Each structure stands twice: as C-alpha cells, then as structure tokens.
Amino acid sequence: MARGAVPMEFPERNAVRQHSDEVKLEAMPLDVHCVHQEGVEFRAALMEAFKVLLQNQSGTVRARWKTEDEIPHLLSTSPSTKDTVFVCEDFHGATFNLLRSRNFKIVGPECITGQQNVLHMDGDNSTNPPLFNTLLQGIVVCFSGFTVKQMKNMQEKILLMGGSTSGSLRPSVTHLVAKSVNTEKYLAATGAGMKIMQSSWVDTMWKQSLLGNYAGRDEVLELEEETHALPYLQGLTIFICPDLNKKTGGSYQGLVEKGGATLATNIRDKAITHYVCKNSPLDDALDGVPCVQITWLLECARARLCQKWAPYLILPTRAVEVPSLPSRASWSRPTSGNRKRTLSPPSSSHSAFVVKRAITTPKTISG
C-alpha cells in the first residue's frame, strides 16, 4: 500500500471479526462453585443458592457443587480469578483464607438468592473484598473519633455487607459513625443532613445480616438507625449553673444525661467542655471553656442534634478595674537642719488601667 493511501474497508471481514469476538466472550462462562465447608453446620441457604444458579444456568453461568476436599485439586488447574466465583457459607477457616489469598471472588449464599446481582461486579478481585450479603448495598460510611484498630474492625463488617467506606466526609457519604459530637466531622455532617450513628449500629447490622433479614431491608435500616443514633451530647462534659437547677428542680440535669453527656459537679473539673448559665458567665469558670446560654441546651434537646455553640456564647458584661501601684517613689533632698523626707505622688503615666477577661471559643477536635 502506498504511503498516505486510505485502507479499504471490508464489511464482511469486520462482521466475521466481530462474530469471532462474541464467540470468545461466550466461550468464557462464569464458573460458580458452591462450597460445602466441613465442620460448618449445613444451612439451607447454600442449597437454595445452588438451586437458583441451576435454574438460571446459561451459556454465561455454570453452577458447580464442591466439597472442601475438592478445592485443592480445583486450584491446581489454575482457574481464572476473573471467571471463577466461590459461594461459601462461612467466611472463616482454611479454605476461605486460601481462596481469599488467591484473590478469588467470594460471596455468601444470600448474594445469589437476593435481588442484587453480584456475580458480574466490575473491578479487580484484589480490590473487591469477599461479599457476605448485600444488606448495606449503597451505604457509604465515614468514621470520626475512633482508633485505627476500631475503624478497621467496623470497615471489614461494612464491606462484607456490601457497603463502602470513605476516609473523608464527601458528598457521597450517607452515614457518619462517630464517637463524640465534639468533632469537626460531626458538625459538618449535621449541616449536610447525614445520618450520625454510634458504633453499635455496625455491630447490630452485622447481627441482622447473619439472621438473614433481607426481605425488609429498608424497614430494618430505618429501625436500627433510630435505635443507634448518636446521642446529641455524646462525649461532652457539662456544668450547669447551680441557680438554674434550683429554679427548675433539676430538669436541665435530665436533659444533659438523656443527651449522653457527663454532668460535672465541680466547677473546676478539667474535663468540662461547656458551662451552661442564664445570662452572665461564672467567675470561677476555666479559661478557654465556652459559657453558653441555657437556650443552647434546650435547642440541642429539641433538634436531637448538638448545635453550634458560638451563637449562644455569653460574653462578659462589665470590665473589672484594678488600680495600679506606682513603680517607684521619689525622695526630696534633705534641707539643711531638716532631714524630713517626702513621698511624691505617682506620675500620670501610672494611672489606673482596666483589665478585661478574654473569652475564647475552644477549637473543635478534628478526627
């Protein structure tokens, strides 16, 4: 062909090539192996999943029943990790760990019998962890205030239930699991309208998944979200002005305890995060700790969310005047025959000055 010439098109050849590609795709069906693990109490869920696979078996899916003893021989044939799926009842044990170490796609029986089609998930199996069920399908979780070990434990359960996690508070996040309301992530999540949960929510959803409660998934989610919502004052330590409790018979104390906060009885307790007063700040309050109006506590209880306390801060209403002392005294030279000494008045530069107490807003704890 001469340089610069346009190659000729042959529709027949293109059609043959396209048909050949389709044959190659059809020639690589997805092998799904239901593994009955020894030492595991047999459940009907695995047999039900196998029946569903047989009923829907086609040129793209081939169902196989395997015992645990047959797995080593199967792996010796070097099956493709891309075209092989294993269905396991128990996500523990030697066989499960072996399959996981080889980056095979592993799912639970409920992933086959449920409404979600998980056999053709996109992505590399090395980045797709084993999927036990789809109870948290579509849920994106972010964490705040936990240790790395605690987050890793919760993250593993969330991924096994089909959910996903995020290290930052992105718009795609649906739930924030927090340890305290005194974090930047909490305040941002409340402003975005996200659901804010305790860590117990993750454990409870995992127990629900083990019970196989998938039919009423939305109802289960709604119930557990309400039950395990983070209390609106969780992680705070609050001191209430004694005069307020006397006038209300201790009703404000009940709001603090119901909100999950700790009620401080010593005004100098270093654990205090907030002072709640009526109109004026407390003289013995710790520096740097916000003194807020009682309306802040009432608004938190009404909304069942911790409100930003900056709009409710109580600032000092008057300055405290402290007279200054002269820095030095001047003595007059003694006159002849009279050694009387006189003390001159302080100079104008040492006039009285005003000391004002600065009220600062504490920094929120990030994490």
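Everything discussed here concerns the structure shown above.
Scope of this entry: the structure provided in the associated data block.

**Some thoughts on the state of the cysteines**
As enumerated under the stated definition, the model contains zero disulfides in all. The cysteine Cys88 is free of any disulfide, with Cys34 supplying the nearest cysteine sulfur at 9.2 Å. Given a relative accessible area of 0%, Cys88 falls into the buried group. Among the cysteines around Cys306, which has no disulfide bond, Cys300 carries the closest sulfur, lying 4.6 Å off.

**Regarding the side chain of Lys66**
By the element assignment, Lys66 lies in strand E2 (residues 61–67). Glu70 provides the closest opposite charge to the buried, unpaired Lys66, separated from it by 4.8 Å. Lys66 has contacts with His33, Cys34, Val35, His36 and Ile71, leaving out every residue within four places of it along the chain.

**Some points on the pairing of strand E5 (residues 140–144)**
Among the five residues that make up E5, five are buried, leaving the element largely enclosed by the rest of the structure. Residues Val140, Cys142 and Ser144 point to one face of E5 and Val141 and Phe143 to the other, with burial holding for every one of them. As paired strands, E5 and strand E7 (residues 175–178) are joined by four bridges and run parallel to one another. What sits directly across from Cys142, in E7, is Leu176.

Cut-offs and rules
- Residues numbered from 1 in each chain as written.
- Predicted model: local features only at pLDDT ≥ 70, side-chain atom pairs only at ≥ 80, totals over all residues.
- Heavy atoms only, no water.
- Disulfide = S-S within 2.5 Å.
- Buried < 20%, exposed > 50% of the residue type's maximum accessible area, 1.4 Å probe, protein only.
- Helix = DSSP H or I, 4+ residues; strand = E, 2+ residues; numbered from the N terminus.
- Lys, Arg positive; Asp, Glu negative; His and termini not counted.
- Salt bridge = Lys/Arg side-chain N within 4 Å of Asp/Glu carboxyl O.
- Contact = heavy atoms within 4.5 Å.
- Pairing = 2+ DSSP bridges.

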